[in-house]
Amino acid sequence: MEVINGLLHGFAVALEPFNLFWCFIGVLLGTLIGILPGLGPAATIAMLLPLTFQMNPTSAVIMLAGIYYGAKYGGSTTAILLNVPGESASVVTCLDGYQMAKQGRAGPALGIAAISSFIAGTVGVVLLMLVAPPLSKFALSFSSPEYFALMSLGLAMVVLLAGKSLVKALLAMLVGLWIASMGIDLFSDASRFTFGQTHMLDGVDFVVVAIGVFALGEVLGNMESRQHAQVLPVPKGLRNLLPTWADLKACRFAFLNGSLIGFVIGVLPGAGSTIASFISYGIEKAVSKHPEKFGTGVPEGVAAPEGANNSETGGALVPLLTLGIPGSSTTAILLAAFVLWGLKPGPLMITDNPDLFWGLVASMYVGNVMLLILNLPLVPVFAQLLRVPVYALYPMIFGISIVGVYSVSGSLFDTWMLAVFGLLGYAMRRLDYPSAPLILGLVLGDGMERALRQSLMMSSGDLSILVSRPISAVMLFLAVLILVLPMFRKANAWRVKALEEQS
Amino acid sequence: MEESLYKRGDVISGAVLTGLGVFIVSEARGWDYFTVDGPGPGFFPMWYGIAMIAMSLVLVVSGLRQAAGPERVNWREVGNALMTWAAFSVCVALLKVLGFLLAFGLLTLFVVAVMYRRPLPVAFAVAAANVAGFYILFPLALNLELPVGIFGF
């Protein structure tokens, strides 16, 4: 009953003309940036964040969330038409989507991607609505030690899943913690790592780091090779975009598989939509009667990963909204946005800000419908965006980055910091350091240090407080387990390799 | 000797991060580690600084032990990216003198004409369109202040 009341209240908020407008802008922008390869939702949200400061937080979060899930719809367009994933989560869609397009079935492939995204996106929101309130109630019993343990767990899972090298992911996270420590220490008034600059006393603005590492880093990486891709033709007319009845029948399990796998993976901090899409594709292939056809252009190969990719959004918002723990770089930026608006995502979020929580949930239902309407008939129009020359697009991203940073503080010093973090973002990309752990270290660092210091104040410096409380102990144990397990796996791999070489 | 990007990059970045870790720990030693109220400002940096030194040394050692791979650094690609970054930095430096619109126009001109080797008329057209678009969107439509230079815009 509580959920139904909340949802009705949410629809009252989401259907206000002003919020509908921002929801539309969000999903439209999301679709556009999803279509444009080289600019992800994290970078876009980071760039647009400063422009939302003057908005009502509910409208702003509705718009930014629209960008987040809208980009996932758009990401499939380039995967199918260009064999270039608009987002990393659309990599798997290339396998069968591009093959379908090459066989002259680009329309049905795009249609299946849109329908699957709609179904799974809606299922994801339903599950978010059902899971988030009880989880929040459970988390109300948390105190500083539990928060420290929770943040450690969140960081540990992200580090584990963030990239090829665990060591590099850990190092990126530690750099994030270092940046988070810059500025005045609120407990003691000591200034830390300010390098004698008064501009640094307030610390480094999250927006500067996020735009620098994501937007500039991405563009600089794309500037390395100055190539243009060839787009496959998109069939015109809604009829040519609709999949056949046989296609839909073949995809019925894929819709369900994508919806559930995407949500479950989304809830796990750090797993992300890329992993969700790979897993659901793998399951789809494993249970298929014709697994050998996967990769040759089967509709299920598009439906399953696209569904998982979209359902993951609902799952990823569960830890963000109920525990204040972001599971990915995009949700980390959304968390920073909440903090900048003076909101505190966590167990009290639903009770303290029902307008925002339920408004967001309801807006996601509305946004999914908008996206289906936008994506089916307008795909041929959106595909024209791929013809925008990158030499016109990239300077625009540079310009928006400068405006975004300058509009937050009005300080030219921050634009210099932007250049520094842009170079850092490029270097990380080039040297294969994942950027998500850096952002998460930065976002969680301050809260993690505060929780640790408060815990040790509570216990007069006795570290056992972190493991003597059951919830905290379990979470810390899991965090350590997650960090240690891959080392054993690696040791085992070495052992197996050595045995093979011996034999 | 042919060295892979991966190996060299790991060793160099690992060494840089070791240096950063040493810097963090040395700075943290200058602040209170523990006070009567509990952990001081040096407590947390001390621990993540030590962790950074340990992790980066692991990276350096594993980089040195790793066999050289076939991948080589494509310096032309790196050069493209770094040249763009340098142009961006010059644009930032010029913000105070020329203001955002002029500095941004010059950056666009550089990217289109030099990095993408488009004809100058195209570069000028794109730069003018970008500057006009930004002027209409930000100062006019959104009432956002942009850096102003000596020319008053």
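Please read all numbers here as calculations on a predicted model, not as lab measurements.

Engineer: Describe the overall build of chain A, and please don't skip the residues or the numbers.
Structural biologist: Counting its regular elements, chain A contains 20 helices and two strands. Buried positions account for 61% of the 503 residues belonging to chain A. Accessible surface, chain A as shown: approximately 18,900 Å² in total, 66% of it carbon and sulfur.

Engineer: So what's going on with unusual backbone geometry? Which residues, and what values?
Structural biologist: Although it is not a glycine, Phe193 of chain A adopts a positive phi angle of roughly 50°. Along the chain, Phe193 of chain A falls in the loop between strand E2 (191–192) and helix H9 (206–223). Within the chain, Arg117 of chain B stands out as a residue other than glycine whose phi angle is a positive 50°. Relative to the helices and strands, Arg117 of chain B is located in the loop between helix H3 (75–115) and helix H4 (120–141).

Engineer: Give me the lowdown on the environment of Thr330 of chain A, citing residues and values where you can.
Structural biologist: Residue and element names in this part refer to chain A. If you trace the backbone, Thr330 turns up in helix H13 (residues 329–340). Sequence separation of Thr330 and Leu64 is 266 residues, and the distance between their C-alpha atoms is 10.0 Å. With residues up to four places along the chain from it excluded, the contact list for Thr330 reads Pro41, Ala42, Ile45 and Tyr68.

Engineer: Got a sec to walk through empty space enclosed by the protein? Specific residues and values, please.
Structural biologist: Residues and elements named next belong to chain A. One pass over the structure, following the stated rule, counts four cavities of 30 Å³ or more. Approximately 50 Å³ is the volume attributed to the largest cavity. Secondary structure elements with two or more residues in the lining of the largest cavity: helix H4 (57–82), helix H6 (106–139) and helix H15 (354–383). A total of four residues in the lining of the largest cavity trace back to one element, the largest contributor, which is H6. Counted by class, the lining of the largest cavity contains five nonpolar, four polar and no charged residues.

Engineer: Please give an account of a nonpolar patch on the surface that cites residues and values.
Structural biologist: A grouping of Ile184, Leu186, Phe187, Leu201 and Met457 of chain A is seen on the molecular surface, where their side chains present a nonpolar patch of about 430 Å² in accessible area. By relative accessible area, Met457 of chain A is classed as partly exposed at 32%.

Engineer: Which residues make up the pattern of salt bridges, and what are the values?
Structural biologist: Enumeration over the complete set of coordinates arrives at eleven salt bridges over all chains. One salt bridge in this structure joins Lys168 of chain A and Asp10 of chain B, with 2.7 Å as the shortest N-O distance. Placement of the pair is Lys168 of chain A in helix H8 (residues 166–181) and Asp10 of chain B in helix H1 (residues 5–29), with the two residues belonging to separate chains. Residue class for Lys168 of chain A comes out buried when judged on its relative accessible area of 0%. Of the charged contacts in the structure, one is a salt bridge between Glu77 of chain B and Arg430 of chain A, with a shortest N-O distance of 3.8 Å.

Engineer: Tell me about the interface of chain B and chain A, residues and numbers included.
Structural biologist: One widely used convention gives an interface's size as the accessible area the parts lose upon coming together. Facing 65 residues of chain B, the contacting portion of chain A comprises 57 residues. Buried area between chain B and chain A, summed over both chains or domains, comes out near 5,400 Å², and the portion from carbon and sulfur atoms is 78%. The tally of links between chain B and chain A comes to two salt bridges. At the boundary of chain B with chain A, the tally comes to seven residue pairs in polar contact (both at pLDDT 80 or more). When residues of the side of chain B that touches chain A are traced back to their parent elements, those giving at least two are H1, strand E2 (38–39), helix H2 (43–65), H3 and H4 of chain B. The element best represented in the side of chain B that touches chain A is H3 of chain B, accounting for 22 residues. Looking at side-chain class alone, the side of chain B that touches chain A contains 45 nonpolar, twelve polar and eight charged residues.

Engineer: Report on the side chain of Ser59 of chain A, specifying residues and quantitative values.
Structural biologist: All names here are of chain A. Inspection of the secondary structure puts Ser59 in helix H4. Looking at Ser59, the relative accessible area reads 0%, which means it is buried. Discounting chain neighbours no more than four positions away, the residues touching Ser59 are Phe18, Asn19 and Trp22.

Engineer: Now, about the confidence of the model for chain A: what can you tell me, with residues and values included?
Structural biologist: Here chain A shows a mean pLDDT of 83. Residues at 70 or above account for 88%. Mean pLDDT across the elements of chain A ranges from a minimum in helix H20 (residues 470–502) of chain A, with 72, to a maximum in helix H17 (residues 412–430) of chain A, with 94.

Engineer: Residues and numbers for H3 of chain B, please.
Structural biologist: All names here are of chain B. Here H3 is 41 residues long, yet its end C-alpha atoms lie only 15 Å apart, well below the 60 Å a rise of 1.5 Å per residue gives. Leu98 marks the point of greatest bend in H3, at about 125°. One or two residues past the end of H3 sits Arg117, with phi positive at roughly 50°.

Engineer: So what about the packing of helix H3 (residues 41–48) of chain A against H13 of chain A? Which residues, and what values?
Structural biologist: Residues and elements named next belong to chain A. Where H3 contacts H13, the two axes come as close as 8 Å, and the packing angle between them is 15°. Here H3 lies roughly parallel to H13, going by the angle between them. Considering how the two elements wind past one another, H3 and H13 form a crossing that is left-handed. In contact with Pro41, Ala42, Ile45 and Ala46 of H3, H13 contributes Ser329, Thr330, Ile333 and Leu334. For the contact of H3 with H13, a count of residues per class yields six nonpolar, two polar and no charged.

Parameters and conventions
Residues numbered from 1 in each chain as written. Chains lettered and ligands numbered in written order. Predicted model: local features only at pLDDT ≥ 70, side-chain atom pairs only at ≥ 80, totals over all residues. Heavy atoms only, no water. Helix = DSSP H or I, 4+ residues; strand = E, 2+ residues; numbered from the N terminus. Buried < 20%, exposed > 50% of the residue type's maximum accessible area, 1.4 Å probe, protein only. Areas by Shrake-Rupley, 256 points an atom, 1.4 Å probe, with all protein chains shown as cover. Contact = heavy atoms within 4.5 Å. 1 Å grid on protein atoms, 1.4 Å probe; cavity = no way out; pocket = protein on both sides within 12 Å on 5 of 7 lines; lining within 4 Å. Points joined across faces, edges and corners; volume = space filled by probe spheres on them. Nonpolar A, V, L, I, M, F, W, Y, C, P; charged D, E, K, R; others polar. Patch = residues over 30% accessible without salt bridge, like charges linked within 9 Å, V, L, I, M, F, W, Y side chains within 5 Å. Salt bridge = Lys/Arg side-chain N within 4 Å of Asp/Glu carboxyl O. Buried area = accessible area lost by both parts, 1.4 Å probe. Polar contact = N/O pair within 3.5 Å; in protein donor to acceptor, adjacent residues only side chain to side chain. pLDDT = per-residue confidence, 0-100. Expected span 1.5 Å × (residues − 1). Bend = angle between axes of the 7 residues up to and from the residue. Axes fitted to C-alpha atoms, helices over the stretch in contact; angles between N-to-C directions. Parallel < 35°, antiparallel > 145°, perpendicular 65-115°, else oblique. Left-handed = near helix turned anticlockwise from the far one by under 90°.

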